[in-house]
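Residues per chain, in single letters:
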Amino acid sequence: MRFVRNIIHSSFVNDATGARFLLLLPLLVLVCLMSACGEKQVARVQTEGEAIEIVDRLRQHGLEVEKEEGAEDEAAKWHVTVNEGWFGGGEVSQAVQVMHYYGLPRAEANTKKDDSGMFPSPSVENAQRLREREADMERKLRMLPGVARVNVTVVLPEDDTIKLDPYPATASVLLVHEEQKPAFTGEQVQSQVAGGVPGLKPEKVTVTMSYEPPPLIQQQDLKLRRRNNLLLAAGIGLVTLLCFLVGVLVLQSRRQRAELIALREGEELTEETEEEETTASAPLTGERARLGDASSGAGGRPLPRAAPGNAVEDSAIVK
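Conventions and cut-offs
Residues numbered from 1 in each chain as written. Predicted model: local features only at pLDDT ≥ 70, side-chain atom pairs only at ≥ 80, totals over all residues. Heavy atoms only, no water. Helix = DSSP H or I, 4+ residues; strand = E, 2+ residues; numbered from the N terminus. Buried < 20%, exposed > 50% of the residue type's maximum accessible area, 1.4 Å probe, protein only. Areas by Shrake-Rupley, 256 points an atom, 1.4 Å probe, with all protein chains shown as cover. Axes fitted to C-alpha atoms, helices over the stretch in contact; angles between N-to-C directions. Left-handed = near helix turned anticlockwise from the far one by under 90°. Contact = heavy atoms within 4.5 Å. Nonpolar A, V, L, I, M, F, W, Y, C, P; charged D, E, K, R; others polar. Pairing = 2+ DSSP bridges.

(A) Up close: the overall build of the protein chain. When its secondary structure is counted, the protein chain shows nine helices and six strands. Expressed as a percentage of its 319 residues, the buried residues of the protein chain come to 23%. With the model as given, the accessible surface of the protein chain reaches about 22,500 Å², and the carbon-plus-sulfur share is 58%.

(B) Up close: the packing of helix 3 (residues 48-60) against helix 4 (residues 91-101). Running from N to C, helix 3 and helix 4 cross one another at 115°; their axes reach a closest spacing of 10 Å. At the point where helix 3 passes helix 4, the crossing takes the right-handed sense. In this structure, helix 3 uses Ile54, Arg57 and Leu58 to contact helix 4, whose residues at the interface are Ala95, Val98 and Met99. Taken together, the residues that form the contact of helix 3 with helix 4 break down as five nonpolar, no polar and one charged.

(C) Inspection of the environment of glutamate 74 at higher detail. Within the secondary structure layout, glutamate 74 lies in the loop between strand 2 (65-69) and strand 3 (78-83). Taking the C-alpha atoms as reference points, glutamate 74 and glutamine 46, 28 residues apart in sequence, are found 8.9 Å from one another. With residues up to four places along the chain from it excluded, the contact list for glutamate 74 reads Arg44 and His79.

(D) Region of the structure containing the sheet that holds strand 5 (residues 170-177). Read from one edge of the open sheet, three strands run 4-5-6, paired in mixed fashion. Only two strands of the sheet have a single neighbouring strand rather than two, namely strand 4 (147-155) and strand 6 (205-211). Within the sheet, the average angular offset between the axes of one strand and its neighbour, ignoring direction, is 10°. As judged from the eight bridges shared by strand 4 and strand 5, these two strands associate in the antiparallel manner.

(E) Up close: unusual backbone geometry. In this structure, proline 105 follows leucine 104 across a cis peptide bond, with omega equal to -10°. Its location among the elements puts proline 105 in the loop between helix 4 and helix 5 (122-142).

(F) Structural detail: the pairing of strand 3. The element strand 3 is largely enclosed, with a buried count of five among its six residues. Here six bridges tie strand 1 (residues 39-45) to strand 3, and the two strands are oriented antiparallel to one another. Paired with arginine 44 across the strands is histidine 79, a residue of strand 3. Pairing analysis gives five bridges linking strand 2 to strand 3, with the strands arranged antiparallel. By the bridge assignment, glutamate 69 is partnered in strand 3 with tryptophan 78.

(G) Spatial organisation of the sheet that holds strand 1. Read from one edge of the open sheet, three strands run 1-3-2, paired in antiparallel fashion. Looking along the sheet, the strands with just one partner apiece sit at the ends: strand 1 and strand 2. Put simply, the sheet's adjacent strands are angled 30° from each other on average, direction ignored. On top of the sheet, helix 3 reaches strand 1, strand 2 and strand 3; it is set at about 165° to strand 2, its chief contact. Strands strand 1 and strand 3 of the sheet are contacted by helix 4, whose axis makes an angle of about 20° with strand 1.

(H) Structural view of the packing of helix 5 against helix 6 (residues 186-194). Between helix 5 and helix 6, whose axes approach to 10 Å, the crossing angle comes to 145°. Remark: the crossing between helix 5 and helix 6 carries right-handed chirality. Between helix 5 and helix 6, the residues in contact are Met137, Lys140 and Leu141 and Val189, Gln192 and Val193, respectively. Class assignment for the residues of the contact of helix 5 with helix 6 results in four nonpolar, one polar and one charged.

Shown next, in the form of structure tokens:
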């Protein structure tokens, strides 16, 4: 608090500095309000198809979303932005919740080929093919009605040339659906996964199905938040305007006070000068005038001075 008071005091000590401060204050408030509004990026993906999927999912929940193509040298060249308007009501947080519910954006970058060596080992190639197969099965399972997100893990069978009793191929599926009663069964999921892995039997596929309702976005809540933000911005603008007007009045009063002090000092200096000139040109008065009259005779002529020798005679006559 003391720091802010010192800044304000130092800003108004000089009129020019105070004027610059007052001119910059509304601009700073406007910049702060604009920085908190407008379009904000919520996702960056590699393919246009995934960007379209994110846009469709968010638009289904009533959010204004757009996709934009980034620079060619970027790894994730597609950007998804949410338009919050001038006074957002929390659309970005709602969009993040929706994407998290559907598992977007998906971490399918792991399915890229491993370029760590010119001649990759057979184990690296097998792991790469396994990741691609799992990603392909997840895409197929997401095509089922009401599937929100899915995760597939496959364990390939052990080589029977190494061991006499190798373990068979197995798989596990974790599936989250939006509807309380899904339109598919666990046996259908087992058959779908087993058909994508050679040597995998449907009974070796473990399916876990979970119901989770999608996040509800209340448009009334968004409108209420947007209105509250609008009122807050209007209040901030009004307070800023009042501070600006008060600052202008303070600067104007300081300037007028300085001009009044300078005018009073000029008047006092003028009066002192006039008094000195009047005193220098005024006639003699008082004791100096009486002394002047006594030393003057009739007609203003000075009296003759008695000689020193006649002083005794004058005193005798008087007696």
